[in-house]
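Working through the structure, step by step
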Amino acid sequence: MNQVEETMSYVYKNPNAPIEDRIKDLVSRMTLQEKVGQMTQIELCVATLDDVRNLSIGSMVSGGGKEPLEKAMASDWAETIDRFQQAAVDSRLGIPLAYGIDAVHGNNRFYGATIFPHNIGLGATGDADLAQRIGAAVALEVRASGIHFNFAPCVAVCRDPRWGRCYESFSEDTNIVRKMTSIITGLQGQPPVGHSKGYPFVAGRYNVIACAKHFVGDGGTEKGINEGNTISSYDELESIHMAPYLDCLYKGVSTVMASYSSWNGCKLHAHHFLLTEILKGKLGFKGFLISDWKALDRLSEPRGSNYRRCVYTAINAGIDMVMVPYRYKQFIEDLISLVESGEIQMTRIDDAVERILRVKFVAGLFEYPFSDRSLLDTIGCKLHRELAREAVRKSLVLLKNGKNPGKPFLPLEKNAERVLIAGTHANNLGYQCGGWTRYWQGSSGRITTGTTILDAFREVMGEKTEVIYEKYPSPNTLSGQNFSFAIVGVGEEPYAESAGDNSELVIPLNGSELISTIADRIPTLVILISGRPLVIEPWLLEKMDALVAAWLPGTEGRGITDVVFGDYEFEGRLPMTWFRTTEELPINKGDNSCDPLFPLGFGLTYKKENLQSK
């Protein structure tokens, strides 16, 4: 080999070479086994260092369903991930891993991380700049744990609150969702002027690879059934559900995740027209398309049967990387066999691998594959918690303030003599954060560090104020005390995905009864913690003195007291139409029969204004 040939043999390792040249050079050196390995994403709990090294595994994931180590520090995760990264770097070609996680409202798997409001709360803020700043903060806390790839944001347009992923959507309104895609520029960084639409972009080591999900129509399924069927014309699919992806592509989103759901009866993971002809062809997406968790198993009945056929269908439809996550040896064996038999063309494999490598090169993983321990202090830092607190106060929607016109109930008096704080959600950080917090389905209690509603009120109330907390106040408490007012925190228990599908949408845990009992005796502010609008009967609304929709605010409960005591104005507007009864669902702005309890965009202020008209 002469000197020129030797230099050219390392083009892919040259950070100064054009990315497309690096891709071409590296792909030319790869075996079929190495190419298929790059298309494989496997779970941490089944991965071995030898397999990552010898099979040239392209990506790893910590799935939401597996419980994290109790109170494990980010440094522990970084150490673990670095060990696997070293195995990848030690492979024949040294192609680094892209390690992925669902950090959907903060680095939510990790104890002590800042937990921001879920997307529905951010949608209520309507603040694109806030979303971008949150994205940047999340990127830092994710990178601090050694992770490069975040399966966020969800840009679904939720058209039915019965859907168990409603809170992962910014709004029922496509325009609001499009506006909030600014979170991508926080996660990945701001592309330079003239950046080619659809080409992936990651600014540097303080940013992460983002993922727009779930392509496409997942928020429009019939009756809001998770993984269900969206029945619509192509024009409707394009104008309502696909439009936010255009903004994501302009912002350089690096990856897109396909949806479990179907469009007019055809599963998205098998939909060549939408995945290849539209997303990659018409829309010009140049990053890689990843499957959802075990999604290929869902392409057959019973699930996981005839797996070889599932692999054939998904890869030919346009899936580039497969979140296996456990059956990776079978996946690799089946995919190699399908290529060798000619059922999947090598051009399709090369296209997938080129897309995966493009993202890895853009993200700088070849140059900086390992964790940056200097970022560890950003996890749960004061600056990020203040940002989350700002997001909470901007997300709160004031739905009622006073029983009589001209006599508002809020703001509250900090120096009141005696205050009752009650309800299932008044002192439960896990309930306050919702699903996708520490655990896939979320949990109850002090599952991480943060400030509950009760904590916040105790911090703010005057020194002479007597604060009495009872989750379920006794008859003696209610009848024998002279309370200035009561704060009642009620709402939904945590859930995620299909476990959250709900056709009734009543306030759980006897929330309505608790509100009624207390409001009959004490002037009452109700703080509703939920991932969506819930049924509020007219008789119950009449009893309340004030009602605030707080969504799933996360760890920073002080954002609530900032507003209800009048230090800040209410700014939130409803990101979804608040229905009267479940019988009228789905109900969205513009429907001919739309007569909601509160319309999309509704929100009161202390100035007696309804923000909807602004």
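Structure report, in brief. (Residues numbered from 1 in each chain as written. Predicted model: local features only at pLDDT ≥ 70, side-chain atom pairs only at ≥ 80, totals over all residues. Heavy atoms only, no water.)

This part takes up the packing of aromatic side chains. Within the structure shown, the criterion is met by 15 aromatic pairs. For the ring pair Phe215 and Tyr245, a centre distance of 5.0 Å and an interplane angle of 85 degrees mean the geometry is edge-to-face. Of this pair, Phe215 sits in strand β5 (residues 211-215) while Tyr245 is found in helix α10 (residues 234-250), placing the two residues 30 residues apart along the sequence. Neither residue differs from the other here; Phe215 and Tyr245 are each classed as buried. Here Trp551 and Trp578 contribute two aromatic rings whose centre-to-centre distance is 6.1 Å and whose plane-to-plane angle is 45 degrees, an arrangement assigned as tilted. In this pair, Trp551 sits in strand β17 (residues 546-551) while Trp578 sits in the segment after α21 (558-564), placing the two residues 27 residues apart along the sequence. Members of the aromatic cluster, joined through ring pairs, are Trp551, Trp578, Phe598 and Phe602. (Phe/Tyr/Trp six-rings, centres within 6.5 Å; stacked < 30°, edge-to-face > 60°. Helix = DSSP H or I, 4+ residues; strand = E, 2+ residues; numbered from the N terminus. Buried < 20%, exposed > 50% of the residue type's maximum accessible area, 1.4 Å probe, protein only.)

On to the packing of α10 against helix α11 (residues 272-282), then. Interhelical geometry of α10 versus α11 gives an angle of 60 degrees and a closest axis separation of 14 Å. On the basis of the axis angle, α10 is oblique to α11. When you trace α10 past α11, the crossing you get is right-handed. Every residue of α11 that contacts α10 at Tyr234, Leu237, Glu238 and Met242 is listed here: Phe273, Leu274, Ile278 and Lys282. Residues that form the contact of α10 with α11 fall into these classes: 6 nonpolar, no polar and 2 charged. (Axes fitted to C-alpha atoms, helices over the stretch in contact; angles between N-to-C directions. Parallel < 35°, antiparallel > 145°, perpendicular 65-115°, else oblique. Left-handed = near helix turned anticlockwise from the far one by under 90°. Contact = heavy atoms within 4.5 Å. Nonpolar A, V, L, I, M, F, W, Y, C, P; charged D, E, K, R; others polar.)

This brings us to the pairing of strand β16 (residues 524-529). With 6 of 6 residues buried, β16 is to be regarded as a mostly interior element. Because side chains alternate across β16, one face comprises the buried residues Thr524, Val526 and Leu528, and the other comprises Leu525, Ile527 and Ile529, equally buried. With 6 bridges connecting them, strand β15 (residues 485-491) and β16 associate as parallel partners. Residue pairing across strands places Val490 opposite Leu528, the latter belonging to β16. Handedness of the β15-helix α19 (residues 511-519)-β16 crossover: right-handed. Relative to β17, β16 runs parallel, the two sharing 5 bridges. Across the sheet, Leu525 pairs through a bridge with Ala546, a residue of β17. Once the chain exits β16 it traverses helix α20 (residues 538-543) before rejoining the sheet at β17, and the crossover so formed is right-handed. (Pairing = 2+ DSSP bridges. Right-handed = clockwise from strand over helix to strand, strands pointing away.)

For the coordinates displayed, the defined rule picks out 5 cavities of 30 Å³ or more. If you add up the space inside the largest cavity, you get close to 90 Å³. Around the largest cavity, the lining comprises 15 residues; the ones closest to its centre are Ala103, Val104, His105, Asn119 and Ile183. Looking at the lining of the largest cavity, the elements with two or more residues in it are α6 (119-125), α7 (128-144) and α9 (183-188). In terms of residue class, the lining of the largest cavity is built from 11 nonpolar, 4 polar and no charged. (1 Å grid on protein atoms, 1.4 Å probe; cavity = no way out; pocket = protein on both sides within 12 Å on 5 of 7 lines; lining within 4 Å. Points joined across faces, edges and corners; volume = space filled by probe spheres on them.)

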